[in-house]
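Next come the chains, spelled out residue by residue.
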Amino acid sequence: GAVVSQHPSRVICKSGTSVKIECRSLDFQATTMFWYRQFPKKSLMLMATSNEGSKATYEQGVEKDKFLINHASLTLSTLTVTSAHPEDSSFYICSAFEGRLSSYNEQFFGPGTRLTVL
Amino acid sequence: GQNIDQPTEMTATEGAIVQINCTYQTSGFNGLFWYQQHAGEAPTFLSYNVLDGLEEKGRFSSFLSRSKGYSYLLLKELQMKDSASYLCAPNTGGFKTIFGAGTRLFVKA
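Colleague: When you look at the interface of chain A and chain B in this model, what are you seeing that I'm missing?
Modeller: Many structure descriptions define interface size as the accessible area lost when the parts assemble. Contact with chain A, which involves 21 residues of that partner, is made by 18 residues of chain B. Of the roughly 1600 Å² buried where chain A meets chain B, counting both sides, 62% is carbon and sulfur surface. Across the contact surface, chain A and chain B share one salt bridge. Notably, a salt bridge pairs Lys-96 of chain B with Glu-59 of chain A, separated by 2.8 Å at the nearest N-O pair. One can count three residue pairs in polar contact (both at pLDDT 80 or more) joining chain A with chain B. Going through the elements one at a time, strand 4 (32–38), strand 5 (44–51) and strand 9 (90–97) of chain A are the ones with two or more residues in the side of chain A that touches chain B. When the residues that make up the side of chain A that touches chain B are grouped by side-chain class, the tally is ten nonpolar, six polar and five charged.

Shown next, in the form of structure tokens:
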């Protein structure tokens, strides 16, 4: 149980285009999902907390108009990087919380999406 | 402010024991996670300490001292597959967890 998938796993796009990344909880319902980005050899940085049916809560310094998050159902959250630029190239990871499956409030992570903006 | 310190890299020999230390300063604290992350992959849960003391789980053990803002992860009988990054991650309240930069462990034969 507690499997989280992400799609796509890898994407290369041109500067100025928008990219959508999907995060799905496959065998449980996730009321809360998290989006992180990670630069090489750096820590996971929380971008936003996504709650089903409500607006995402963004961390300080994260542009909400650039990183659009939608949590339309209990099993799907999407992150859209709008007008992507090379500095947006990063590893984006989502995670989900499901209280009945986790003994310690731990998060279940997706496999990540490697975004490269040319 | 939030601050998490752990060594950047460590090297150990197959079959040996290694201890990865972590000190933290956070505005709130519920407990501390350790996650393992292989290169290019998502983190996987290893342990969670709420109370002071040592929690043992197979080859992995984790220790916490809340008063000192200190934790360590102990890996015994090291295997090559243990080569990965180990992330120290305090839970600062609710679902919010912040991650350290990680310690890259290299296990050599």
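Colleague: Can you walk me through the environment of Phe-60 of chain B in this structure?
Modeller: Residue and element names in this part refer to chain B. Here Phe-60 shows up in strand 7 (residues 60–65). Here Phe-60 falls in the buried class, since its relative accessible area comes to 14%. Once the C-alpha coordinates of Phe-60 and Ser-85 are considered, the two residues, 25 residues apart in sequence, prove to be 14 Å apart. Other than its neighbours up to four places away in sequence, Phe-60 contacts Leu-46, Glu-55, Leu-74, Leu-75, Asp-82 and Tyr-86.

Colleague: Explain the nonpolar core here, please?
Modeller: Judged by nonpolar contacts, the single largest core of 27 residues is most densely connected at Phe-67 and Leu-115 of chain A. The set of elements that each furnish at least two residues to this core consists of strand 2 (10–13), strand 3 (19–25), strand 4, strand 5, strand 7 (67–73), strand 8 (76–81), strand 9 and strand 11 (113–117) of chain A. In this structure, Phe-67 of chain A is in contact with Arg-37, Met-47, Tyr-58, Val-62, Leu-79, Thr-80, Val-81, Asp-88 and Tyr-92 of chain A, ignoring residues within four places of it in sequence. Grouped together as the second largest cluster of nonpolar side chains are 22 residues, Met-10, Trp-34, Phe-60 and Leu-64 of chain B included.

Colleague: I keep staring at the packing of aromatic side chains and nothing clicks. Help me out?
Modeller: In this description, a pair of aromatic rings is defined by centroid distance and the angle of the planes. A full pass over the atoms with the stated rule returns 15 aromatic pairs over all chains. Consider the rings of Tyr-36 of chain A and Phe-109 of chain A, whose centres lie 5.8 Å apart with planes at 45°: the pair is tilted. Taken as a pair, Tyr-36 of chain A in strand 4 and Phe-109 of chain A in strand 10 (residues 108–109) lie far apart in primary sequence, 73 residues in all. For the pair formed by Tyr-36 of chain A and Phe-109 of chain A, the shared burial category is buried. A centroid spacing of 6.1 Å and a plane angle of 75° characterise the contact between Tyr-35 of chain B and Phe-45 of chain B, whose relative ring orientation is edge-to-face. Of this pair, Tyr-35 of chain B sits in strand 4 (residues 31–37) while Phe-45 of chain B sits in strand 5 (residues 44–49), and the two are ten residues apart along the sequence. Through pairs of rings, three or more aromatic residues link up here, namely Tyr-36 and Phe-109 of chain A together with Phe-33, Tyr-35, Phe-45, Tyr-48 and Phe-99 of chain B.

Colleague: Help me out: how do you make sense of the sheet that holds strand 8 (residues 70–75) of chain B in this one?
Modeller: Hydrogen bonds between backbone groups are what pair the strands of a sheet, and the pairing can be parallel or antiparallel. Residues and elements named next belong to chain B. Judged by pairing direction, the sheet is antiparallel, and its five strands sit side by side in the order 1-3-8-7-6 without closing on themselves. In this open sheet, the two edge strands, each paired with only one partner strand, are strand 1 (3–5) and strand 6 (53–57). Here the strands of the sheet are splayed against their neighbours by 15° on average, with no regard to which way each runs. In this sheet, strand 8 lies alongside strand 3 (residues 18–25) in antiparallel orientation, the contact comprising six bridges. The partner of Gln-19 across the bridge, within strand 8, is Leu-74.

What counts and what doesn't
Residues numbered from 1 in each chain as written. Chains lettered and ligands numbered in written order. Predicted model: local features only at pLDDT ≥ 70, side-chain atom pairs only at ≥ 80, totals over all residues. Heavy atoms only, no water. Contact = heavy atoms within 4.5 Å. Buried area = accessible area lost by both parts, 1.4 Å probe. Salt bridge = Lys/Arg side-chain N within 4 Å of Asp/Glu carboxyl O. Polar contact = N/O pair within 3.5 Å; in protein donor to acceptor, adjacent residues only side chain to side chain. Helix = DSSP H or I, 4+ residues; strand = E, 2+ residues; numbered from the N terminus. Nonpolar A, V, L, I, M, F, W, Y, C, P; charged D, E, K, R; others polar. Buried < 20%, exposed > 50% of the residue type's maximum accessible area, 1.4 Å probe, protein only. Core = buried A, V, L, I, M, F, W, Y, C linked by side-chain atoms within 4.5 Å. Phe/Tyr/Trp six-rings, centres within 6.5 Å; stacked < 30°, edge-to-face > 60°. Pairing = 2+ DSSP bridges. Axes fitted to C-alpha atoms, helices over the stretch in contact; angles between N-to-C directions.

Fair warning: the whole summary comes from geometry, so function is off the table for now.
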